[in-house]
Amino acid sequence: MTASQALTRLQAHEMAARLRAGEVSSTELLEAHLASIAATDTAIHAWLAVDEELARVAANAADKRLVRARADGAEALAALPSMLGIPVGLKDLVIARGRQATAGSRILEGFTSPYDAHSVERLDAVGAVIVGKTNMDEFAMGSSTEHSGYGPTANPWDLSRVPGGSSGGSAAAVAAYHVPVAIGTDTGGSIRQPASLTGTVGIKPTYGRVSRYGIIAFASSLDQVGPLGRDVRDAALLLGAVAGYDERDSTSAPLEVPDFAGALPADDDKAAAALRGVRLGLPRQYFVEGMEPGVEARVREAVVALEDAGAEIIEVDMPHTDYGLATYYIVAPAEASANLARYDGIRFGHAVRDGDVLANYKSTRDQGFGPEVKRRLMLGTYALSAGYRDAYYIKAQKVRTLIKGDFDAAFEGVDALVAPVSPTVAFPLGERLDDPVAMYLVDACTLPVSVAGLPGLSVPAGLSDGLPVGLQLIGKAWDEARLLQLGRAYEAVTATARWRTLEPADLGRAADQATGAPTLGI
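**Quick look at the sheet that holds strand β8 (residues 312–316)**
Hydrogen bonds between backbone groups are what pair the strands of a sheet, and the pairing can be parallel or antiparallel. Judged by pairing direction, the sheet is mixed, and its 11 strands sit side by side in the order β1-β3-β2-β4-β6-β5-β10-β11-β9-β7-β8 without closing on themselves. One side of each edge strand has no neighbouring strand; the edge strands of this open sheet are β1 (47–50) and β8. The sheet shows a mean angle of 30 degrees between the axes of neighbouring strands, taken without regard to direction. Pairing of strand β7 (residues 279–283) with β8 involves 5 bridges; the strand directions are parallel.

**Focus: the side chain of R432**
Within the secondary structure, R432 sits in the loop between β9 (416–420) and α16 (436–440). Looking at R432, its side chain comes within polar contact range of the main-chain oxygen of A438, at 3.3 Å. Other than its neighbours up to four places away in sequence, R432 contacts T424, F427, A438, M439 and V442.

**Overview of the packing of aromatic side chains**
Summed over the entire model, instances satisfying the criterion amount to 12 aromatic pairs. When the centroid spacing of 4.1 Å and the interplanar angle of 20 degrees are considered together, the rings of Y329 and Y440 count as stacked. Of the two residues, Y329 sits in helix α12 (residues 324–339) while Y440 sits in helix α16, which places them 111 residues apart along the sequence. Residue Y329 is classed as buried on the basis of its relative accessible area, which comes to 12%. For Y440, a relative accessible area of 10% puts it in the buried group.

**Regarding the pattern of salt bridges**
Applying the stated criterion to the full structure yields 28 salt bridges. Put simply, E503 and R9 hold a salt bridge, and the shortest N to O gap is 3.0 Å. Residue E503 is found in the loop between α18 (480–493) and α19 (507–511), and its partner R9 is found in the loop between α1 (3–8) and α2 (12–21); the two are separated by 494 residues along the sequence. E503 sits in the partly exposed class, given a relative accessible area of 30%.

**A short note on empty space enclosed by the protein**
Under the definition given, this model contains 2 cavities of 30 Å³ or more. Computed from the structure, the largest cavity encloses a volume of approximately 60 Å³. Of the residues assigned to the lining of the largest cavity, the class counts are 6 nonpolar, 5 polar and 2 charged. Of the voids in this model, the second largest cavity is the one considered here, and its volume is about 40 Å³. Along its surface, the second largest cavity is lined by A39, T40, T42, A43, A510, D512, Q513 and T515.

**Quick word on the layout of surface pockets**
In this model, the largest pocket occupies a volume close to 670 Å³. Taken together, 31 residues form the lining of the largest pocket, with Q11, R230, D231, R500 and T501 sitting closest to its centre. Of all elements in the fold, only α2, β10 (456–464), β11 (467–474) and α18 reach the threshold of two or more residues within the lining of the largest pocket. Looking at the lining of the largest pocket, the element that brings in the most residues is β10, giving 4 residues. Split into classes, the residues belonging to the lining of the largest pocket amount to 14 nonpolar, 7 polar and 10 charged.

**So, a nonpolar patch on the surface**
Residues Y382, Y388 and Y392 make up a contiguous nonpolar surface patch of roughly 290 Å² in combined accessible area. Structurally, the position occupied by Y392 is in helix α15 (residues 389–410). In this structure Y392 comes out as partly exposed when scored by relative accessible area, which is 34%.

**As for unusual backbone geometry**
When glycine is set aside, most residues are seen to have a negative phi, and most peptide bonds are trans. Here the bond from G165 into S166 is cis, since omega is 5 degrees, no more than 30 degrees from zero. Within the secondary structure, S166 is located in the loop between β3 (129–134) and α7 (168–175). We note that A140 has phi near 65 degrees; this positive angle belongs to a residue other than glycine. Following the sequence through the fold, A140 ends up in the loop between β3 and α7. A140 gets classed as buried once you look at its relative accessible area, which sits at 3%. Of note in the backbone geometry, Y177 takes a positive phi value of approximately 65 degrees without being a glycine.

**Here we look at the nonpolar core**
Core analysis: the biggest nonpolar cluster contains 129 residues, and M83, L123, F139 and F407 have the highest contact counts within it. Among the elements that make up this core, the one with the highest residue count is helix α9 (residues 232–242) (8 residues). By size, the runner-up hydrophobic cluster in this structure holds 26 residues, among which are A46, A55, A154 and L228.

**Some remarks on the packing of helix α3 (residues 26–44) against helix α4 (residues 52–72)**
The geometry of α3 relative to α4 is characterised by a closest axis approach of 8 Å and an angle of 155 degrees between their N-to-C directions. Classified by the angle their axes make, α3 and α4 are roughly antiparallel. On α4, the residues that touch S26, T27, L30, E31 and L34 of α3 are E52, A55, R56, A59, N60, A62 and D63. Grouping the constituent residues of the contact of α3 with α4 by class yields 5 nonpolar, 3 polar and 4 charged.

**Observations regarding the environment of G169**
Along the chain, the position of G169 falls in helix α7. In this structure the C-alpha to C-alpha distance between G169 and N339, which are 170 residues apart in sequence, comes to 23 Å. Contact partners of G169, with chain neighbours within four places excluded, come to A46, T134, N135, T145 and T153.

Analysis parameters
- Residues numbered from 1 in each chain as written.
- Predicted model: local features only at pLDDT ≥ 70, side-chain atom pairs only at ≥ 80, totals over all residues.
- Heavy atoms only, no water.
- Pairing = 2+ DSSP bridges.
- Helix = DSSP H or I, 4+ residues; strand = E, 2+ residues; numbered from the N terminus.
- Axes fitted to C-alpha atoms, helices over the stretch in contact; angles between N-to-C directions.
- Polar contact = N/O pair within 3.5 Å; in protein donor to acceptor, adjacent residues only side chain to side chain.
- Contact = heavy atoms within 4.5 Å.
- Phe/Tyr/Trp six-rings, centres within 6.5 Å; stacked < 30°, edge-to-face > 60°.
- Buried < 20%, exposed > 50% of the residue type's maximum accessible area, 1.4 Å probe, protein only.
- Salt bridge = Lys/Arg side-chain N within 4 Å of Asp/Glu carboxyl O.
- 1 Å grid on protein atoms, 1.4 Å probe; cavity = no way out; pocket = protein on both sides within 12 Å on 5 of 7 lines; lining within 4 Å.
- Points joined across faces, edges and corners; volume = space filled by probe spheres on them.
- Nonpolar A, V, L, I, M, F, W, Y, C, P; charged D, E, K, R; others polar.
- Patch = residues over 30% accessible without salt bridge, like charges linked within 9 Å, V, L, I, M, F, W, Y side chains within 5 Å.
- Areas by Shrake-Rupley, 256 points an atom, 1.4 Å probe, with all protein chains shown as cover.
- Core = buried A, V, L, I, M, F, W, Y, C linked by side-chain atoms within 4.5 Å.
- Parallel < 35°, antiparallel > 145°, perpendicular 65-115°, else oblique.

In structure tokens form, the structure reads like this:
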């Protein structure tokens, strides 16, 4: 392994410590990660845009800030933001001034943002180095990153398989050592599920914890920004950087942001102590029909490890879980139908202008939207149409309340819930494109959490058939700090597991210039 590659293997919190000690510069970190992207991204296709010059300007500014702080002494160094000088990837629906923002769709091809999202403002304020924009399912509609208008992303563990979605580009970029951390969004599982499939850590915060200002909308009552990293401490660092109240977002919560990362011990023994006396609920309904035996085995082994470390495991009943999938696929497409009405070929993005206004509108949307977006728009428009709104959309919102009630009842007796993330490991590219229902079912364990607006954390829990399996921790509203402590504790009690020493198996093949870009295999 070269010195440059070794830098990319550092965790973000390790990079932060070395930056302060003067052992490495932000520019050196950036160049190492740019080299990693250049070496393997043709085969992985995690990135839609790598903004090298903008990133170099940010890294240089971070280095100057570090030099000044070192000159001013230890107190000045300690006061620096933890994310200063750290490379970060942005899912390509996060608006950033002067950068592209396609949301993975041809209808926004060529669009450059005139302003910054709240999360980008926060990252700039702490001196993070934004490397570029990652691939995603079009308008975040998908579970595999196969629905991108710019081609699919491959999983670094097996280039013939999906990385999950819709934040598959961000997850693959973190797993492949292109960046230590990245921003994703989670509407029905789109951070947690790709984290599970790529062996990374991802957290969906409570709805309202991170502002949605400057995030290209899919389903406004469900979308939430969150981090991906290679360990819990890194995810906590990035969450702390982007969370916080924003008056421009009416759903943003005016709550103080805890020091998520500062509360996580570096010492494994101290971290594991957080499990003693904790009551964890195990929902029986989350072991869904069709779950792969290897996935269930890894999750149940993780539960045993938690119990052995001092946690009390209590089986709980979540009777409305089975309605989560149907509820989500009424609410989310309905809201998408309203949000995506703005793409009309008149104001921005792709436009057809060879007929009258109505003809241009139809042609623009027909050419600009992919098949999955069209499918969901038709579903949503139907659910909101006259005569059906009460029967579908309003009823789904009522069931949504029942699902939230299941969580409220469970949390009366437990501190958090533990469950699978995905019922399967990463599946082959193209395998489920002709069967949308089979594709939707991969989110069965993540959707209820999103419908209820609660926080959920995915942490690696081993391998099945050589592919990563994720463990999901679900918390009460605004209880991200506890989830991160529990996730860090699980890392500690499994620290010596052999699977924790493994790198994604297909990185070598990805670095072979003879390996082509991923295809759907159909």
